[in-house]
Amino acid sequence: MYTKMLVTGGARSGKSRYAQELAKELSPEGRVLYVATAKVWDEEMAVRVRKHQESRPASCDTYEGYQDLGAVIAARGEQYETILVDCLTMLLNGRLFDEIGMQDPDTLTKQQKKELEEMAVKEAQALADGIQKAHCHVIVVTNEVGMGIVPDTVLGRLFRDMAGRANQILAGALSDVTLMVSGIPVYVKGGRK
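A closer look at the overall build of the protein
Across its full length, the protein holds six helices and seven strands. Secondary structure elements in the protein, listed N-terminal to C-terminal, are β-α-β-α-β-α-β-α-α-β-α-β-β. Rg of the C-alpha trace for the protein: 16 Å, near the compact-globule value of 16 Å for 193 residues, within the 12% margin. Structurally, the protein occupies a C-alpha span of about 50 × 35 × 35 Å along its principal axes. Taking all 193 residues of the protein together, the buried fraction comes to 46%. Sequence-distant contacts, at least 24 apart, represent 78% of the contacts inside the protein between residues at least 6 apart. Surface summary for the protein: the accessible area is close to 10100 Å², and the carbon and sulfur share equals 52%. Of the side chains in the protein, 24 bear a positive and 26 a negative charge, and the two mean positions are spaced by 4 Å.

Rendered as structure tokens:
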């Protein structure tokens, strides 16, 4: 039986490190596909991406993209022992800005906000479907963005809601959920001990 896990937690909680260690453990032959979902839009993001690239085992193959990942995962599941998606929130970030482009987030209508939340739900459902079809272990990293203060911007609140709904869908669909707290995995759902 394949592990299908969501790894969630706050910023710098150890999510990616834990997911990489687990992928290595689940893939003794080293056949891991690392799905990198971040879009580089400034120098700070470029530095973050480079750090993530440097932290990956050399044996990993990398797929860089954030669109139609459910289909990508379902199609590539036969080739790999484990697929690691890092991360769902960056996928949603990319899709959000694909949709709104240069529009001032403060001018988004109620209908647009509703459509963006629905888009996040559809993205999560498609990702969950692809993961279920994959004949390999799949680990998805995400951020728990709703545990802090209420964002003071329209865009921040919208993104928090989008990520929260997407996280709920994946947590419900996958067999295992791990919450990272200060580098320590807390097993929320499933048999991983």
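Read on, since the account is not over.
A short note on the sheet that holds strand 3 (residues 61-64)
A sheet is described by the order of its strands in space; here seven strands give the open sequence 3-2-4-5-1-6-7, paired in mixed fashion. Two strands in the sheet have a free side with no partner beyond their single neighbour: strand 3 and strand 7 (184-189). Here the average twist between neighbouring strands, direction ignored, is 20°. Sheet analysis places strand 1 (residues 4-9) next to strand 5 (residues 137-141), joined by four bridges and oriented parallel. Bridged to Met5 within strand 5 is Ile139.

Description of the pattern of salt bridges
Counted under the stated rule, the structure contains eight salt bridges. A salt bridge links Asp98 to Arg95, with the nearest nitrogen and oxygen atoms 3.9 Å apart. Here Asp98 pairs with Arg95, and both are found in helix 4 (residues 88-100), just three residues apart, close to one helical turn. The exposure class of Arg95 is buried, given its relative accessible area of 13%. With a shortest N-O distance of 2.7 Å, Arg95 and Glu123 are connected by a salt bridge. Of this pair, Arg95 sits in helix 4 while Glu123 sits in helix 5 (residues 110-133), and the two are 28 residues apart along the sequence. Salt bridges linked by common partners bring Arg95, Asp98, Glu99 and Glu123 together as one network.

Rules of the game
- Residues numbered from 1 in each chain as written.
- Predicted model: local features only at pLDDT ≥ 70, side-chain atom pairs only at ≥ 80, totals over all residues.
- Heavy atoms only, no water.
- Helix = DSSP H or I, 4+ residues; strand = E, 2+ residues; numbered from the N terminus.
- Rg over C-alpha atoms; globule rule 2.2 N^0.38 Å.
- Buried < 20%, exposed > 50% of the residue type's maximum accessible area, 1.4 Å probe, protein only.
- Contact = heavy atoms within 4.5 Å.
- Areas by Shrake-Rupley, 256 points an atom, 1.4 Å probe, with all protein chains shown as cover.
- Lys, Arg positive; Asp, Glu negative; His and termini not counted.
- Charge placed at Lys NZ, Arg CZ, Asp CG, Glu CD.
- Pairing = 2+ DSSP bridges.
- Axes fitted to C-alpha atoms, helices over the stretch in contact; angles between N-to-C directions.
- Salt bridge = Lys/Arg side-chain N within 4 Å of Asp/Glu carboxyl O.

The values reported here are purely geometric and, on their own, carry no functional implication.
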